[in-house]
Amino acid sequence: MAQSTGIPSITVEAQTAHKKTKFIIGGVVIALAVIYLIYSGIQHNATYFLTVDELYAKDDLQYNRPVRVSGKVDGETIDFNHHDLILTFDITSDSGKRMHVIFNGPQPDQMRHQAEAILEGQYDGQIFTAHSLLLKCPSRYEENGIEEVQQVEAVR
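Residues numbered from 1 in each chain as written. Predicted model: local features only at pLDDT ≥ 70, side-chain atom pairs only at ≥ 80, totals over all residues. Heavy atoms only, no water.

Topic: the nonpolar core
At step 1: The biggest cluster of nonpolar side chains holds 23 residues, and the ones touching the most others in it are F89, I91, L119, F128 and L133.
At step 2: Those elements that provide at least two residues to this core are helix 2 (52–58), strand 2 (67–81), strand 3 (86–92), strand 4 (98–104), strand 5 (116–123) and strand 6 (127–137).
At step 3: For F89, the contacting residues outside a window of four places in its chain are V73, T77, I78, M99, H100, V101, M111, L119 and L133. (Core = buried A, V, L, I, M, F, W, Y, C linked by side-chain atoms within 4.5 Å. Buried < 20%, exposed > 50% of the residue type's maximum accessible area, 1.4 Å probe, protein only. Helix = DSSP H or I, 4+ residues; strand = E, 2+ residues; numbered from the N terminus. Contact = heavy atoms within 4.5 Å.)

Things to note about the pattern of salt bridges
At step 1: Counting across every chain of the model gives three salt bridges.
At step 2: Salt-bridge contacts for D74 lead to R98; the nearest nitrogen and oxygen are separated by 2.8 Å. With D74 in strand 2 and R98 in strand 4, this residue pair connects regions lying 24 residues apart in the sequence.
At step 3: When its relative accessible area of 10% is taken as the criterion, D74 is described as buried.
At step 4: Relative accessible area serves as the criterion here: at 40%, R98 is assigned to the partly exposed category.
At step 5: Connected through shared salt-bridge partners, D74, D90 and R98 make up one network. (Salt bridge = Lys/Arg side-chain N within 4 Å of Asp/Glu carboxyl O.)

A short note on unusual backbone geometry
With glycine set apart, most residues show a phi of negative sign, and most peptide bonds adopt trans.
At step 1: You will see that L85, though not glycine, has its phi angle at about 55°, which is positive.
At step 2: Positionally, L85 belongs in the loop between strand 2 and strand 3.
At step 3: At Q114, a position not held by glycine, the phi torsion is positive, near 70°.
At step 4: Looking at the element boundaries, Q114 is found in the loop between strand 4 and strand 5.

Listed below in structure tokens is the structure:
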């Protein structure tokens, strides 16, 4: 007696196609999850690096967003409250525009007139609240060609 083998082979092919579909759908879901995690990680940690002039040019697009700003410290505006560890000063751009900065943390040793500052924080349209302060003082080691860099983090 001969038995037909057509029906089981169709069932096996249908099961194989069904497994491939599941595998493809699972792969697409995993790929989308990885892409989402990468995108959200970049969005969370990304900050723009701007000069004072560029920050003012972007106007309200950068308000209350994490941003990194560079400028030169105006030494006459430095004010440090030792009791509360509040440091306020202005930074200026090459064109002379100035921005008022508040930093809650210890005053760096290199905080002086014309020191190049790189600040990380948020700008609310009037005052820049720095969370991190990085100062370069090229004049201190000018003869040796070495620039000293000091970074200070906010305490609150």
